[in-house]
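# A closer look at the structure
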Amino acid sequence: MSSSDVVGGTNDNSSPPPPQPSSFQGRLQLQDFMYQSAEANSLRRSARQAASVSAPLVPGGIQRAATTPSPRKSRTRSPSSAAGTSSPSSSGITKNRKRKRPSSGYAPPSTYAHLSLLPDAVCENLLVFFVGLNPGIQTARTGHAYAHPTNTFWKLLYSSGVTPRPCTAQEDRQMPQLYSLGLTNIVARPSRNGAELSKQEMDEGVAALEEKARKWRPESMCIVGKSIWESIWRVRHGGKAVGKAFKYGWQDATENMGVIDGEWEGAKVFVASSTSGLAATLSPAQKQEIWNELGAWVKMRRAEREIAAEREVAMNAD
């Protein structure tokens, strides 16, 4: 048998060559895509990242272009998606919303029946009879008007000139004798805030205020808060809201309180801003401006009273 027969045919006497071990060597250069651990870095890298660091040569001496993987966008799960609910936004972006505090509603008188009522501080011939909304929790506990630390009533009395010196809640009972200033409320029972009072309670308190005005006959009544005046106006005008007719400061003479026909013209009405720490509609500067108008009048009337008293003393001495 010739050598050509061996090459072209089958040699029965020779055993087949042993199989070659599997290898990534070949035309596809698959070894370029094998996992290789980085010695200088403990982090694992993908085949694409490894290719971006070292660009191997492919057959023909052409260097492979380094490819940089595009960064994946991080996905953050919104609270709604985490709870298994769909996002309200069509674009998939959920905006963080502030949690709203539940608004308090009406609370019956029995809720705070354990707290004592606050007596009025009043006497005849007052310069100003202040009308508040109702006693707050702190006021009811201490037994002194406008006692909450965030309430600016006592601060505004002094800064506006209504009182010649700073006063505190503990002096509330002495205000009529000291400075001819009285204190009362449209609703007697305490509550945490005005939202816990009913509209009926507010309206029923108007008649009580009119009666107090007729009994004590103050020169003026200062309504401490817009909502109080809204109730007074609504009762006086057959249920009609004050609306655009509302204004801070002195009201028209037709709105005097406690009028007795043919006997007494009634107390002048001044509407001041609320002094509650919860009232944030007006800025501190705006509130101060309103109270300054009342303070200017009080200082003028107090000076006039002092002059009249001196004249009376002089006449009696003669």
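Just above, that's the structure.
So, here's what we can say about the structure.

Each value, and the rule that gives it
Residues numbered from 1 in each chain as written. Predicted model: local features only at pLDDT ≥ 70, side-chain atom pairs only at ≥ 80, totals over all residues. Heavy atoms only, no water. Helix = DSSP H or I, 4+ residues; strand = E, 2+ residues; numbered from the N terminus. Polar contact = N/O pair within 3.5 Å; in protein donor to acceptor, adjacent residues only side chain to side chain. Contact = heavy atoms within 4.5 Å. Axes fitted to C-alpha atoms, helices over the stretch in contact; angles between N-to-C directions. Parallel < 35°, antiparallel > 145°, perpendicular 65-115°, else oblique. Nonpolar A, V, L, I, M, F, W, Y, C, P; charged D, E, K, R; others polar. Pairing = 2+ DSSP bridges. Core = buried A, V, L, I, M, F, W, Y, C linked by side-chain atoms within 4.5 Å. Buried < 20%, exposed > 50% of the residue type's maximum accessible area, 1.4 Å probe, protein only. Phe/Tyr/Trp six-rings, centres within 6.5 Å; stacked < 30°, edge-to-face > 60°.

## Focus on the side chain of Ser-160
By the element assignment, Ser-160 lies in helix α5 (residues 153-160). Among the polar contacts made by the side chain of Ser-160, one reaches the main-chain carbonyl oxygen of Leu-156 at a distance of 2.6 Å. A distance of 3.3 Å separates a polar atom in the side chain of Ser-160 from the backbone oxygen of Leu-157. If we skip the residues at most four places from it in the chain, Ser-160 touches Gln-288, Trp-291, Asn-292, Gly-295, Ala-296 and Lys-299.

## Observations regarding the packing of helix α7 (residues 199-216) against helix α8 (residues 226-236)
α8 packs onto α7 with a crossing angle of 75° between their chain directions and a minimal axis gap of 9 Å. The angle between α7 and α8 falls in the class roughly perpendicular. Across the interface between the two elements, Lys-199, Met-202, Asp-203, Val-206, Leu-209 and Glu-210 of α7 pack against Ser-227, Ile-228, Ser-231, Ile-232, Arg-234, Val-235 and Arg-236 of α8. Of the residues contributing to the contact of α7 with α8, the split by class is six nonpolar, two polar and five charged.

## Here's the deal with the sheet that holds strand β7 (residues 268-272)
Pairing between the strands of a sheet comes from backbone hydrogen bonds, and it takes one of two forms, parallel or antiparallel. In space, the five strands of this open sheet follow the order β4-β3-β5-β7-β6, with mixed pairing throughout. The strands lining the two open edges of the sheet, one partner per strand, are β4 (181-185) and β6 (249-250). Where β6 lies against β7, two bridges are found, and the strand directions are antiparallel. Looking across to β7, one finds that Trp-250 is bridged to Phe-270. Relative to strand β5 (residues 220-224), α8 is tilted by about 120°, and along the sheet it contacts β3 (128-132), β5 and β7.

## Considering the nonpolar core
Counting 30 residues, the largest nonpolar core has Phe-130, Phe-153, Trp-154, Trp-291 and Leu-294 as its most contacted members. Of all elements in the fold, only β3, α5, α6 (175-179), β4, β5, β7 and α9 (284-317) reach the threshold of two or more residues within this core. Membership of the second largest hydrophobic core comes to 23 residues, among which are Val-131, Met-221, Trp-233 and Met-257.

## Remarks on unusual backbone geometry
Even without glycine at this site, Asn-125 takes up a positive phi of about 65°. Although it is not a glycine, Ser-180 sits at a positive phi angle of roughly 55°.

## A few points about the packing of aromatic side chains
Going through the model one piece at a time under the given rule, you end up with nine aromatic pairs. Ring centres of Phe-130 and Trp-291 lie 6.1 Å apart, and the angle between their planes is 15°; this geometry places the pair in the stacked category. Note that Phe-130 is positioned in strand β3 and Trp-291 in helix α9, a separation of 161 residues in sequence. Overall, the relative accessible area of 0% leaves Phe-130 in the buried class. For Trp-291, a relative accessible area of 0% gives the class buried.

## So, the pairing of β5
In terms of burial, β5 is largely enclosed, as five of its five residues are buried. Covered by surrounding structure in β5 are Ser-220, Cys-222 and Val-224 together with Met-221 and Ile-223, the residues of both alternating faces. Relative to β5, β3 runs parallel, the two being bridged by four bridges. Of the residues in β5, the one forming a bridge with Val-131 is Ile-223. One ladder, built from five bridges, connects β5 with β7; its direction is parallel. Of the residues in β7, the one forming a bridge with Met-221 is Val-269.

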